[in-house]
Structure formats: structure tokens, C-alpha cells
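Understanding the architecture of this molecule
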Amino acid sequence: TRIDAIELHRIEVPLVRPFETSFGRETVREVLMVRVRTDAGDGWGECVAGRDPFYSSEYVDGAASVIERHLGPALLGRLRVHGTQPAPRDLLPRGASVPLAAAVAPALAFVAGHRMAKGALEAAVLDAELGAQGRSMGEAFGAERDWVDCGVSVGIAPTLEELLDEVTGYLEEGYRRIKLKIRPGWDRVPVGAVRELMGPAGMLQVDANTAYTADDIPLLARLDDFDLLLIEQPFAEEDLATHARLAAECDTPVCLDESILGVSTAIDAVERGATSIINIKPGRMGGYLEALRVHDVCCDLDVPAWCGGMLETGVGRAANVALAALPGFVLPGDTSASSRYYAEDLTEPFVLGTGEHHGQLRVPDGPGTGVTVRDELVREWASVQPVTLT
Ligand code: OSB
Ligand code: MG
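No experiment lies behind these values; they were computed from the predicted model shown.

Helix and strand content of the protein: twelve helices and 13 strands. The C-alpha radius of gyration computed for the protein amounts to 20 Å, which stays within 12% of the reference 21 Å derived for 390 residues, consistent with globular compactness. Its C-alpha atoms give the protein principal-axis dimensions of roughly 60 × 45 × 40 Å. A total of 390 residues make up the protein; the buried ones form 51% of that total. Sequence separation of 24 or more characterises 75% of the internal contacts of the protein that already satisfy a separation of 6 or more.

What follows is the structure, given as C-alpha cells:
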């Protein structure tokens, strides 16, 4: 098997409403989509880097540049798989062998960091390779459910009233848990109001995206009053020590997002008591194969996991939903329906189920991602001329 070309497509997709977090406000999602062309067929991968380097040091221009200058050339032509004996690392849980996708991370390891860029390439190769095998991502990953429970991540709102309206709408749509974005000055009051709205049994959690410091430990510990499922990433990415201090001083479980870059940081953070729940985002970890390894670590260590999101289009969402169907994903993920983000999605839309599947998304079962990219929208939404590497 051989990679013949890598295409970089930069698009802008309007959000149905602005998404505000402690690090910024977005009204459009700027996305880098990667298409690989292999002798066995094409595949699409979505890069989760944002427009600006605020959530992480990675951002769209940087990801496109590092793929053009370093990662793409390293894969092209040189990434070849010979023979039929897969190495153990090429085997996915259900025995699916993906030697080409498994060769991507080792071939790109010479570049430091840039996990989101690497993850997009690996995802595209995985889509092509599974597509050629006629296997779905869910089957290959070891999915044990046909439907996954969905939560929704709710941005910082202009007013409390607007926040409550937005949450009410999501609850009516069926979302099984609510995650509120918080920051200093937008924490106790909105969290208390949403707890009141949801009643004591509603699943509610918060995400601070690193907006607090050690001085805020007493304030954060008082969020115990609201019976939250977890508090996500209150402190800086590299600051495991302060997360461990908070965890020791409050009852609400601390969950890390930004800090978890793969298996080694996951084990380290759990062993140090800095996290007791993990948000698994494949892009942040360099791809779905590393995310599967972190999932396995969570199972071994008895750490509950859930699938995070980065406002993905249908391409990234399809793969996330497949991942979220694994047994270690025991909490609802940020895997919301397409309509929560976009009036029109890049693929067929993900729609919440009805009846017993209220608040759930169905795991795609077609080959590869199982969704089809609408080429006309890739052209229509293009913000920059596409680049083809050969
Ligand atoms: O911290 O989980 C986060 C979106 C962009 C960047 C970081 C985060 C998020 C979300 C949205 O919370 C999750 C989603 O619905 O995709
Ligand atoms: Mg987060």
C-alpha cells in the first residue's frame, strides 16, 4: 500500500451560535481537512486545531504549514507497507489490521509535537485503509454499542437568561448531560442556576479551559455544593501539581483535558492524583490509535473516560462517535448532533435518536468513517486555495 497524494483543504463553516470559552469566542469554525489518496482508495481526516493557538499551541496555519513542509513529505512515497504479517501494534481490538495507519505515527515521530496535524493525517489514512477493507471504524476500534449517550458543551452566554434558555433547549432535545464553560466571574452563579433548572438528578459538569490559578482552589472547592459530575481542566496544561492539590481538597472529581497528550501523561496524571476521570480527544493525542491506547489505560486503571469534542464537522464526529462506543467510555461525551454546531454539515448530519435512543447518536457502520464528504461544500466553503502534495 502506498500514499500517492495528500490534499489540504482549508474551509470555514459558520456556527449556528457563537461559542465562547474562557480562552475566546468563535463564530465560524476554521477547519483544515486532509484528504489522502492511496492506491487502495481515498480517505478524509479532520484536523481539530483551532484558528488561534489559544486552547493549545497548535492552530490551523501552523498545522497546514507543518504538514506541507515536514509531515506530508515524510509520508509521501516513503510510507509503504510490504508483506502480510502485521506487527502486534498494527492490530486493533477486534483483530483489524491497519498496518498503513499504524505506520503513520512512527514515520512522523521525528517532528516534535504537532499532534493535531499528525492526528489528521493518521485519521485520513485510517479512513482510506478501513474503507478498502470494507470495515467501519466502530468495528475496527472494538465498539460495543450501536448508540452512544450524548452530552452538550454550553458556551459562556451574554446573560444568565440566555444561558438558561439555551440549556432548556438542549434538555428538550434530549441531551443526557450538560457541560458549562466557566471562567472567573462566570462560575458559581450560572452553575447554581443551571443546577436548579436541571434538578438534583441532572448530569452537570463544568470546563474551565485553564482559566484559574492555585489561589482559586477554595472557590473551586465550593462548587461541591452543586453536585457536579466533574470539573475539567481548571489550571494550566503543564500544572499537574495544582490539579492534584484541588483533587485533595474537594469532593468533585477533577478531569483533565488539555494536560493529557497520550498514554504517558495519562498514567502520570492518574498516578499523581491530578485526575480521576479523563477526557479523551484523539486530535490532542496525535490520533485515534493513541486514543485507543489511552482508553485501554483507563480501563486498566479503572479511570472513567469520556469522548471530548472540538466542534468537529461530520468527518471528525463520525470517528469520535465510533470511539465513544468503546466500553471504557462510561460518561456521555461532547458528541453532540450536527445541528448543535452547524446549520449544514460537511457530511450527512448526525441527528439525535428518538424513543429509547433519545439523547443518543448512532454509531456509523459504513466502511471507514462511514460518512461521505460533500465535495461541493468543500469547494463552496474554501477559505484558501487547496494544496496538493505529491
Ligand atoms: O475544552 O472541551 C474543550 C471546543 C473547542 C476547544 C476545546 C473544547 C471545546 C468544547 C466543545 O468544549 C466540545 C464540542 O462540543 O465539540
Ligand atoms: Mg475541555
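After that view of the structure, there is still more to cover.
Let's shift gears to helix α10 (residues 288-301). Within an α-helix, residues lying three or four positions from one another point in the same direction, as the helix has 3.6 residues per turn. For α10, with 14 residues, the first-to-last C-alpha span of 20 Å sits near the 20 Å given by 1.5 Å per residue. Count one or two residues on from α10 and you reach D302, which has phi positive near 60°.

Grouped burial of nonpolar side chains is what soluble globular proteins tend to show. With 118 residues, the main nonpolar core has L32, V34, L121, I278 and A322 as its most contacted residues. For this core, the element with the most residues is helix α3 (residues 115-133), which contributes ten residues. Three or more residues apiece are contributed to this core by two domains, here domain 1 (3-134 + 375-389) and domain 2 (141-362). Apart from the residues within four sequence positions on either side, V34 is in contact with I6, L8, G45, C47, A120, L121 and A124.

Before going further, it helps to spend a moment on the pairing of strand β6 (residues 177-181). One face of the sheet, then the other: side chains in a regular strand alternate in exactly this way. Burial analysis of β6 places five of its five residues in the buried class, which makes it a mostly covered element. Side-chain alternation along β6 places R177, K179 and K181 on one buried face and I178 and L180 on a second face that is also buried. Bridge analysis of strand β5 (residues 151-154) against β6 gives four bridges, and the strand direction is parallel. When the bridges of β6 are listed, S153 appears paired with K179. As judged from the five bridges shared by β6 and strand β7 (residues 203-207), these two strands associate in the parallel manner. What sits directly across from R177, in β7, is M203. The parallel pair β6 and β7, bridged by helix α6 (residues 188-198), forms a crossover whose chirality is right-handed.

Our next topic: the sheet that holds strand β1 (residues 3-21). Strand order across the open sheet formed by four strands is β3-β2-β1-β13, with antiparallel pairing between neighbours. Each edge of the sheet is formed by a strand with only one pairing partner; in this case those strands are β3 (41-47) and β13 (387-389). Averaged over all adjacent pairs, the angle separating strand axes in this sheet is 25°, with direction ignored. Pairing of β1 with β13 involves three bridges; the strand directions are antiparallel. Across the sheet, L8 pairs through a bridge with V387, a residue of β13. Along the sheet, helix α1 (residues 60-75) makes contact with β1, β2 (24-38), β3 and β13, crossing β1 at roughly 160°.

Quick look at the UniProt feature "domain: Mandelate racemase/muconate lactonizing enzyme C-terminal" (unreviewed entry) in the protein now. The sites that UniProt annotates as "domain: Mandelate racemase/muconate lactonizing enzyme C-terminal" (unreviewed entry) are residues 160-253. The straight-line gap between the two end C-alpha atoms of residues 160-253 is 25 Å; of that span, 43% is helix and 13% is strand.

Attention now moves to unusual backbone geometry. Even without a glycine there, the phi angle at D227 is positive, about 50°. At Q233, a position not held by glycine, the phi torsion is positive, near 40°.

Around ligand 1 lies a shell formed by Y55, S153, D207, N209, D257, G308, G309, M310, L311, D334 and S336. Considering only residue class, the shell around ligand 1 consists of three nonpolar, five polar and three charged.

Once that is clear, we can look at the domain arrangement of the protein. Interface size is often expressed as the accessible area that is lost when the parts come together. Considered domain by domain, the protein is made up of domain 1 (3-134 + 375-389) and domain 2 (141-362). The C-alpha centroid of domain 2 is placed 23 Å from the C-alpha centroid of domain 1. With 32 residues of domain 1 at the interface, the matching set in domain 2 holds 31 residues. Of all the secondary structure elements, the ones that give two or more residues to the side of domain 1 that touches domain 2 are β1, β2, β3, α2 (99-108) and α3. Residues of the side of domain 1 that touches domain 2, tallied by class, amount to 21 nonpolar, four polar and seven charged.

Criteria and thresholds
Residues numbered from 1 in each chain as written. Chains lettered and ligands numbered in written order. Predicted model: local features only at pLDDT ≥ 70, side-chain atom pairs only at ≥ 80, totals over all residues. Helix = DSSP H or I, 4+ residues; strand = E, 2+ residues; numbered from the N terminus. Rg over C-alpha atoms; globule rule 2.2 N^0.38 Å. Buried ≥ 20, exposed ≤ 12 C-beta atoms within 10 Å, placed from the backbone. Contact = placed C-beta atoms within 7 Å. Expected span 1.5 Å × (residues − 1). Core = buried A, V, L, I, M, F, W, Y, C linked by C-beta atoms within 7 Å. Domains from an automatic or database assignment. Pairing = 2+ DSSP bridges. Right-handed = clockwise from strand over helix to strand, strands pointing away. Axes fitted to C-alpha atoms, helices over the stretch in contact; angles between N-to-C directions. UniProt positions renumbered as here; feature names shortened; annotations may be inferred. Near = placed C-beta within 6 Å. Nonpolar A, V, L, I, M, F, W, Y, C, P; charged D, E, K, R; others polar.

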